[in-house]
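# Coordinate analysis (summary)
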Amino acid sequence: MTTLNEQPAVTPTASRFSVQGLSKRFGNLVVADDIHIDLTPGARMALIGPNGAGKSTFVNLVTGLLTPSSGRIVLDGEDITTMSASRRVRNGLVRSFQVTRLFRELTVADNIRLAVLQERQQYMRLFSGLANTPGLDEEVQRILNELNIRDRASSLVHNLAYGEQRLVEIALVLALKPKVLLLDEPAAGVPDSESDLILEAVGNLPKDLAVLLIEHDMDLVFSFAEQIAVLVNGAVMATGTPQEIAHNETVRNIYLGKGH
Amino acid sequence: MTQTTVKPSLALGTLHTGRLPIPELIALVVGLGCFFAFPSNLGFMTEIVIMILLVLSLDLLLGYTGIASLGQAAMFGGGAYCAGLFALHIHNDPLLGLIMAALFGGLMAGVSGLLFLRAHGLSFIILTIAFGSLTFAVANQLNWLTGGDDGLYGYIMAPLFGAFEFDFFGRTGFLYSLGILLVVFYGLRRLVNSPFGLSAQGIREDRQRMTSLGFPVYRVMLMIYIIAGAIAGIAGALSAQTIQVVGLQSLSFTMSAEALVMLILGGTGRLYGAVIGTVVFMVVHHYAADLDPSTWMLVIGLMLIAVVLFLPKGMVQLVDMTRNKVSRLNGGAGHDNSK
């Protein structure tokens, strides 16, 4: 396993997030096989792999929808392997969804409001109006501005173009102020005309946020990632910089070979 | 255009008002109007007010949180028996009994919800039906306590605030129920427009996404379930106190199912949808049954089919359409403003 230790003196070298020997078996079927991943604060890693390689299983294991058969998941030094899905989020491990999962009948602003209410722990206010919730509107405005979707604030989500919906998805994730972000195919299904929006939003993610990008789109992967892990048959087959991965014969044969 | 204010989209369900509780004032005026216009129908109108409360509790569950239940009568009947027994054995003050019934309804919901809310969708509905049947059977079995088939009676309520006797014509009963309805309605309106209310709607829209946002979804749903149970309990208590009899039918499946039909008829996810649906259902039921006792179900059935097919959002859709039309007519002059 490769670990990052480029700037030991300046940035904290402590791992922000690590997956240690994570495995998942259904009977004889091994869907995750001794996976090790390590993210430092600010890491930009991509997890790639052909269809059926186990990327979704990996995401489900890490976010708590599936229970691993063995291995540990550690967030900021704390073992979160058995923690509930929602507590993982409150502790800073957040995912975005491959297929946009938004509150379609609510406005963009209310979608973001929900995330902000959770992050600020204000959702148990039973009888005070939303407008009277301290700091809420300012924070919603800040996020709307950050992603440049301010003029869509009062639109219902299901009236937005798909690319814009993906931006709202990123807005929700950012509103949670995560420490570690699993970015699940942020550009999936976005037409070329709107993909610049996504690239820009992904490029503008906070610098100290550790990001694990799960992606098919090689352009996005190579423009974004500093590290790439290749998942094949549930196991990490190779880890390295984009250059190393691009020149790795086995990876080219198994994965890149098909398309290029 | 320079300063964009971000209004909550919750307006979907509620009238937006400033400091004045406009919807409650309108309801008060209408309620008092009916009080003076139909002095011989006060008993029936009290029934409507009580039913509105039950349907509102269901709207909080189904309309705002997406929890479909066919067992809300358990908490209604539970509250009714609680209030009746409290008056019979402990104290006959109506408000005290009302509080006890609210607590009891909340307790029933809390205990059952703790278990049932682990289930989703259809399984949850079945569990609520089972819970309803269970409470019905228990009340029937505990003959010595509840009076079983004969019902619970023999208690006489003390005057409201120590001053207003529950009279034979039901004047006090109606005004008392109306007052409680207004208070509950106001509280609910605050609730659904609060951060907590928005969270409930998030759960209705996508439960799993709420978990991924870090919300303790189960806990929020349990709280909603308890609040709805307490409101149903209050409705039951009003029924027990104004009729001064509690029957087994207050726990019946029919009660739960009719409440759901009224809600669907009026429109879910809107507080006044619950009000409209209940009033229409009860009035049609009343008069259709008067004309011909055997065909009122037919009338209700046809009405329900028509609403579901042509007004999928319930009768409130008619209100919306009228309102849009009015604002479009007004818009002719005011349109330039928005540009």
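Computed from a predicted model, the values in this text were never measured in an experiment.

Attention now moves to the overall build of chain A. Counting secondary structure elements, chain A contains nine helices and 10 strands. A compact globule built from 260 residues should have a C-alpha radius of gyration of about 18 Å, and chain A, at 19 Å, falls within 12% of that. Summarising its shape, the C-alpha atoms of chain A cover approximately 55 × 45 × 40 Å along the three principal directions. Here chain A holds 260 residues, and the buried ones make up 55% of them. Restricting the contact set of chain A to residue pairs at least 6 apart, pairs at least 24 apart contribute 66%. Within the structure as shown, chain A displays about 11,300 Å² of accessible surface, and the carbon and sulfur contribution to it stands at 48%. Side chains of chain A carry 24 positive and 30 negative charges; the gap between the two charge centres is 7 Å.

Under the counting rule described, the total for this entry stands at two cavities of 30 Å³ or more. In this model, the largest cavity occupies a volume close to 110 Å³. Contributing to the lining of the largest cavity are Thr63, Leu65, Ala85, Arg88, Val89, Leu93, Val94 and Arg95 of chain A together with Gln208, Thr211 and Ser212 of chain B. Looking at the lining of the largest cavity, the elements that each hand over two or more residues are α2 (85-90) and β6 (93-95) of chain A together with α9 (207-212) of chain B. Of the residues in the lining of the largest cavity, the class split is five nonpolar, four polar and two charged.

Our focus in this paragraph is the interface of chain B and chain A. On the side of chain A, 38 residues touch chain B, which itself brings 35 residues to the contact. Between chain B and chain A the total buried area reaches about 3,300 Å² when both faces are included, carbon and sulfur atoms providing 63% of it. Counting across the interface, chain B meets chain A through two salt bridges. Put simply, Arg209 of chain B and Glu169 of chain A hold a salt bridge, and the shortest N to O gap is 2.9 Å. The interface formed by chain B and chain A includes 13 residue pairs in polar contact (both at pLDDT 80 or more). Elements that contribute at least two residues to the side of chain B that touches chain A include exactly α7 (171-192), α8 (195-205), α9 and α10 (217-243) of chain B. At eight residues, α8 of chain B tops the list of elements feeding residues into the side of chain B that touches chain A. Each residue belonging to the side of chain B that touches chain A can be placed in one class, and the counts come to 15 nonpolar, 13 polar and seven charged.

With that out of the way, let us pick up the sheet that holds strand β10 (residues 235-240) of chain A. Backbone-to-backbone hydrogen bonds pair the strands of a sheet. The strands run either parallel or antiparallel. Residue and element names in this part refer to chain A. In spatial order, the strands read β6-β7-β8-β3-β9-β10; together these six strands make up an open sheet with mixed pairing. Edge positions in the sheet fall to β6 and β10, since each has one partner strand and no second. Sheet twist, expressed as the average angle between the axes of neighbouring strands with direction ignored, equals 20°. Pairing geometry for strand β9 (residues 227-232) and β10, over five bridges, is antiparallel.

What follows concerns the confidence of the model for chain A. The predicted coordinates should not be examined in detail at positions where pLDDT is low. Here chain A averages 86 in pLDDT, while 93% of its residues score no lower than 70. Contacts of residues 1-12 of chain A to residues separated by more than four positions or lying in other chains number seven contacts, the stretch itself having pLDDT below 50.

Time to look at the nonpolar core. Of all hydrophobic cores here, the largest spans 154 residues; its most connected members are Ile112, Ile149 and Leu205 of chain A together with Leu53 and Leu213 of chain B. Ranked by residue count, the leading element in this core is helix α2 (residues 42-65) of chain B, at 17 residues. Sequence-distant contacts of Ile112 of chain A, that is, excluding residues within four places in its chain, are made with Val140, Ile143, Leu144, Ile149, Ala171, Leu172 and Ala175 of chain A. If you look at the next biggest cluster of nonpolar residues, it comprises 27 residues, including Ala32, Leu61, Leu75 and Ala229 of chain A.

Applying the stated criterion across every chain yields a total of seven aromatic pairs over all chains. Between Phe166 of chain B and Tyr176 of chain B the ring centres are 5.7 Å apart and the planes differ by 80°, which places this aromatic pair in the edge-to-face class. Of this pair, Phe166 of chain B sits in the loop between β1 (152-153) and α7 while Tyr176 of chain B sits in helix α7, placing them 10 residues apart in sequence. Ring geometry for Phe281 of chain B and Trp296 of chain B: centres 6.5 Å apart, planes at 85°, overall edge-to-face. Residue Phe281 of chain B is found in helix α12 (residues 271-291), and its partner Trp296 of chain B is found in helix α13 (residues 296-310); the two are separated by 15 residues along the sequence. Assessed through its relative accessible area of 14%, Trp296 of chain B is described here as buried. Among the aromatic side chains, those forming a connected cluster through ring pairs are Phe35, Phe36 and Phe174 of chain B. Between the NZ or CZ atom of Arg95 of chain A and the centre of the ring of Phe97 of chain A, over which it lies, the distance is 4.1 Å. Geometry around Tyr218 of chain B places Arg118 of chain B over its ring, the cationic atom sitting 3.8 Å from the centre.

We now examine the pairing of strand β1 (residues 17-26) of chain A. Residue and element names in this part refer to chain A. β1 sits mainly inside the fold: seven of its 10 residues count as buried. Here seven bridges tie β1 to strand β2 (residues 29-39), and the two strands are oriented antiparallel to one another. In the sheet register, Phe26 faces β2, and the bridge partner there is Leu29. In this antiparallel pair of consecutive strands, β1 and β2, the connection spans two residues, and Gly27 shows a positive phi of 60°. Note that β1 and strand β4 (residues 70-75) share five bridges and pair antiparallel. Within β4, the position partnered with Phe17 by the bridge is Leu75.

What follows concerns unusual backbone geometry. At Asp76 of chain A, a position not held by glycine, the phi torsion is positive, near 50°. Here Asp76 of chain A lies in the loop between β4 and β5 (78-79). A positive phi angle is found at Gln244 of chain B, which is not glycine, with a value near 60°.

So, about the side chain of Thr133 of chain A. Relative to the helices and strands, Thr133 of chain A is located in the loop between α3 (108-119) and α4 (136-146). The residues contacting Thr133 of chain A, other than those within four sequence positions of it, are Leu117, Gln122, Arg125 and Ser128 of chain A together with Pro195 of chain B.

This brings us to the environment of Tyr123 of chain A. Within the secondary structure, Tyr123 of chain A is located in the loop between α3 and α4. The contact partners of Tyr123 of chain A, leaving out residues within four places of it in the chain, are Leu117 and Gln118 of chain A together with Pro195, Phe196, Ser199, Phe215, Pro216 and Val220 of chain B.

What follows deals with the sheet that holds β4 of chain A. Residues and elements named next belong to chain A. Across the sheet, which stays open at both edges, the four strands sit in the order β2-β1-β4-β5 with antiparallel pairing between neighbours. Both outer strands of the open sheet, β2 and β5, are each paired with one neighbouring strand and no more. As paired strands, β4 and β5 are joined by two bridges and run antiparallel to one another. Note on β5: the bridge partner recorded for Val74 is Asp79. Its contacts with the sheet put helix α1 (residues 55-63) on β1, β2 and β4, and the angle it makes with β1 is roughly 115°.

What counts and what doesn't
Residues numbered from 1 in each chain as written. Chains lettered and ligands numbered in written order. Predicted model: local features only at pLDDT ≥ 70, side-chain atom pairs only at ≥ 80, totals over all residues. Heavy atoms only, no water. Helix = DSSP H or I, 4+ residues; strand = E, 2+ residues; numbered from the N terminus. Rg over C-alpha atoms; globule rule 2.2 N^0.38 Å. Buried < 20%, exposed > 50% of the residue type's maximum accessible area, 1.4 Å probe, protein only. Contact = heavy atoms within 4.5 Å. Areas by Shrake-Rupley, 256 points an atom, 1.4 Å probe, with all protein chains shown as cover. Lys, Arg positive; Asp, Glu negative; His and termini not counted. Charge placed at Lys NZ, Arg CZ, Asp CG, Glu CD. 1 Å grid on protein atoms, 1.4 Å probe; cavity = no way out; pocket = protein on both sides within 12 Å on 5 of 7 lines; lining within 4 Å. Points joined across faces, edges and corners; volume = space filled by probe spheres on them. Nonpolar A, V, L, I, M, F, W, Y, C, P; charged D, E, K, R; others polar. Buried area = accessible area lost by both parts, 1.4 Å probe. Salt bridge = Lys/Arg side-chain N within 4 Å of Asp/Glu carboxyl O. Polar contact = N/O pair within 3.5 Å; in protein donor to acceptor, adjacent residues only side chain to side chain. Pairing = 2+ DSSP bridges. Axes fitted to C-alpha atoms, helices over the stretch in contact; angles between N-to-C directions. pLDDT = per-residue confidence, 0-100. Core = buried A, V, L, I, M, F, W, Y, C linked by side-chain atoms within 4.5 Å. Phe/Tyr/Trp six-rings, centres within 6.5 Å; stacked < 30°, edge-to-face > 60°. Lys NZ or Arg CZ within 6 Å of the ring centre and 35° of its normal.

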